[in-house]
Every structure is written in structure tokens, then in C-alpha cells.
Amino acid sequence: MIESLSVEWKVFVNVYIENGKVFKVEFSKNPVEEKFVSTTAKMLKKDLEKYFSGRRVDFRKYDVDLRVSSFVKSVLEIVKNIPYGKVVTYGYLARILKTSPRAIGIALKLNPVPVIIPCHRVVAKDGLGGFSAGVWIKRELLKLEGATFLSQQL
DNA sequence: GACGACTTGTTAT
DNA sequence: ATAACAAGTCGTC
């Protein structure tokens, strides 16, 4: 059974959970109708509210259901472990996985669970890089976390 | 700073 | 199977 919840921030952040696993997070102009009962969902809602109020949260404790290719999964598994407030580049991940920065960008675009898997913490060598929901959201997320070495262009 | 070449997984043809 | 595309990067002007 599928649960849904919504948190308001700059936009609405809608989250979908199935069998205790988060499988989709979306940024939207409108909230989703909330239907959740599990302790996981309740805890996640509180954590999201805490996170968007600017406090440190580690989302690694949540299980995710990644319905993506094995390549994308391998990228996201690494990104999931980038700590709060820290930032790496596309090129850095490319070197780890022996692929191209371009391919890393594609994989991140396919991340079904932004925020939970913090793809916003991956930036370009000389700038912010892209973000499918809008670069301004990426900028606000990094601002929220106080990500350091980008402060000039934030 | 702008531009082209190179890259590589995904997507469309 | 093949070509076009993209959330990048590097060398050159």
C-alpha cells in the first residue's frame, strides 16, 4: 500500500512511500493529499520539517526503492552517503566510477528521490550545475545546509 | 568569458 | 542498431 505526505517549503515537497520504502519525491506547486499511517512515514515527515527548518538531518536511515538502471543505482548509492552540508563535483564521481561527468549528470537527473538522496550536493567544477526541478531549488537547498565553498555563487 | 571537442548513459528513431 | 541529446569538463582564443 502506498502512502503519501507533503511538506511545505519554498514549494511543496511531496513524498510517496510503498512498503516502508520511499520511491518518489517531487517538488510541486501543489501539495499531495496526505495518506500515511506507518511509523516510517511519520518519522520522515518530522525529519523533513526539521530539515527544511534548517536543522541537520541524516536521511541515510530511510530505505529507498530505486526503480532505475544499475548504472544510475551505482551513482545514487554513492551520492546517498555525501554528508549534510558537503559538496562534491560531477567529475569527482566520474573518476570513482570510471565514467564521464556527463554520464553522472544524466544519472542524477534520473534520481527519483531528491533530498532523501541528496543529488543537490553534486555540483559542477566551476558553478552549480543543473537541477531538473529548477536550479534555484538546488541553490536554496545548499543555502539551507550552509554548504561552504560555494558561498560566492550562492 | 566564449567556443569547440570529447565524453558516455539514456532516449528516441 | 544507430543517432541525437544532456544536471560536464578540458584546452584554446
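Residues numbered from 1 in each chain as written. Chains lettered and ligands numbered in written order. Predicted model: local features only at pLDDT ≥ 70, side-chain atom pairs only at ≥ 80, totals over all residues. Heavy atoms only, no water.

1. As for the domain arrangement of chain A
Split into domains, chain A comes out as domain 1 (2–61) and domain 2 (70–147). Computed over C-alpha atoms, the centres of domain 1 and domain 2 are 20 Å apart. Of the residues lining the interface, 18 residues belong to domain 1; the matching set on domain 2 comes to 18 residues. Taking both sides of the interface into account, the surface hidden between domain 1 and domain 2 amounts to around 1700 Å²; carbon and sulfur atoms contribute 71%. Considering only the side of domain 1, the residues that lose the most area to domain 2 are Phe-27, Tyr-51 and Arg-60, jointly responsible for 36% of the buried surface there. On inspection of domain 1 and its partner domain 2, the count reaches one salt bridge. Going through the elements one at a time, strand 3 (21–28) and helix 1 (39–52) are the ones with two or more residues in the side of domain 1 that touches domain 2. Ranked by the residues each element gives to the side of domain 1 that touches domain 2, the list is headed by strand 3, at five residues. In the side of domain 1 that touches domain 2, the residues fall into twelve nonpolar, one polar and five charged. (Domains from an automatic or database assignment. Contact = heavy atoms within 4.5 Å. Buried area = accessible area lost by both parts, 1.4 Å probe. Salt bridge = Lys/Arg side-chain N within 4 Å of Asp/Glu carboxyl O. Helix = DSSP H or I, 4+ residues; strand = E, 2+ residues; numbered from the N terminus. Nonpolar A, V, L, I, M, F, W, Y, C, P; charged D, E, K, R; others polar.)

2. Notes on the sheet that holds strand 1 (residues 2–8)
As summarised here, the arrangement of the three strands in space is 1-2-3, forming an open sheet in which the pairing is antiparallel. Where the open sheet ends on each side, the last strands, each with one partner, are strand 1 and strand 3. The average undirected angle you get between the axes of adjacent strands in this sheet is 20 degrees. Note that strand 1 and strand 2 (residues 12–18) share seven bridges and pair antiparallel. Considered in strand 2, the bridge of Leu-5 is made with Val-15. Sitting on the sheet, helix 1 is in contact with strand 1, strand 2 and strand 3, with an inclination near 20 degrees to strand 1. (Pairing = 2+ DSSP bridges. Axes fitted to C-alpha atoms, helices over the stretch in contact; angles between N-to-C directions.)

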